[in-house]
Amino acid sequence: MSERTRGAGAPLRLGTRGSALALAQSRGVADALTAATGRAVELVEVVTAGDRSSAPVHRLGVGVFVSALRDALVAGEIDFAVHSYKDLPTAGQAGLHIAAVPPREDPRDALVARDGRTLAELPPGATVGTGALRRIAQLHALGLQLTVVPIRGNVDTRVRRVRGPEADLDAVVLARAGLVRLGRAEEITETLDPMLMLPAPAQGALAVECRLDDAELVELLGALDHAPTRAAVTAERAMLATLEAGCSAPVAGYAELAEGDDGDEIYLRGAVISPDGTREVRLSRTGTPAEATEIGKALAAELLDRGADSILGAPRESGARTQHFGATE
């Protein structure tokens, strides 16, 4: 839809999921865009298949929280959409464009536990809930004799499993970024070091997507783009795409930008862990931001050479994109 069709000066329509976290993320982007460009933005709620399903997250399939938003974009029902970047399939969609990657929130995982406990203070047998296979695998790998319980639901639903009147878990692990964006950072009892719990690729980052042929909006949204975040996420997702990991194999990745001897440098860590935590391959690689894609691809190749292929399990077909993306909450 062109600016003429949209109507000069009409509010831009931002498509979003209706969860509290998705709305908070979208409002933040809307406010930032209005501040940067002066354009008014209205939110349009779109229900996705993931919102309607009660199935475990790892069984929902790729892009389950994304496809309805993209359909609305293609149909011209909305002008742009905000996604949790880790929910996006690594293969792009024809006719659509990631026009901006805003500054990333802290990508680390967080623990919310009873009595203010840290992970190390949980007793053997303590019940810890999480919806991501990547977290389940890494919790098992720590060897703390925890009872890990697969759960799903939004942030409020998960935290109530620990702190509500009907609490039935000792702790939950979820993305720190979601708690911060909801103004609930004070509920975190420990922010987990990536050495213990490596985040999901693109965790904490947002993707602002519009139609490729909407040149004016592509330019407007570009005001929100944060080059360091885009470079880090590009490296992480290039690793994920090259691994072509199946839903049964948790993959973690985290890229940081730091000042090197010859300018900015990307430090990318990647891991493939078996669901029971008994086998893992962890490696790292560095390079310049301009080499972000190549860094991710090269690290994935090294992981495969070191045995990640055997953890990934099922034969991988060329071009397949069957990896699991953690729930946005």
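Data block above holds the structure.
Criteria and cut-off values
- Residues numbered from 1 in each chain as written.
- Predicted model: local features only at pLDDT ≥ 70, side-chain atom pairs only at ≥ 80, totals over all residues.
- Heavy atoms only, no water.
- Salt bridge = Lys/Arg side-chain N within 4 Å of Asp/Glu carboxyl O.
- Helix = DSSP H or I, 4+ residues; strand = E, 2+ residues; numbered from the N terminus.
- Buried < 20%, exposed > 50% of the residue type's maximum accessible area, 1.4 Å probe, protein only.

1. What to know about the pattern of salt bridges
Here is step 1 of the chain: A complete count under the given rule lists 17 salt bridges for this structure.
Here is step 2 of the chain: A salt bridge links Arg-104 to Glu-236; its shortest N-O distance comes to 2.9 Å. With Arg-104 in the loop between β4 (96-100) and β5 (109-113) and Glu-236 in helix α9 (residues 227-243), this pair connects stretches of sequence that are 132 residues apart. Take Arg-104 and Glu-236: they sit in the same class, and that class is buried.
Here is step 3 of the chain: Notably, a salt bridge pairs Arg-163 with Glu-187, separated by 4.0 Å at the nearest N-O pair. Of the two residues, Arg-163 is situated in helix α6 (residues 155-163) and Glu-187 in the loop between α7 (176-181) and β9 (190-191); the sequence distance between them amounts to 24 residues.
Here is step 4 of the chain: The class of Arg-163 is partly exposed, set by a relative accessible area of 41%.
Here is step 5 of the chain: Shared partners join several salt bridges into a network, and the residues in it are Asp-156, Arg-160, Arg-163, Arg-184 and Glu-187.

2. Some remarks on unusual backbone geometry
Here is step 1 of the chain: Located in the positive-phi region is Asp-115, a residue other than glycine, with phi close to 60°.
Here is step 2 of the chain: Judged by its relative accessible area of 70%, Asp-115 falls in the exposed class.
Here is step 3 of the chain: One non-glycine residue, Gln-145, lies in the positive phi region at around 60°.
Here is step 4 of the chain: The topology assignment puts Gln-145 in the loop between α5 (133-141) and β7 (147-150).
Here is step 5 of the chain: Given a relative accessible area of 61%, Gln-145 falls into the exposed group.

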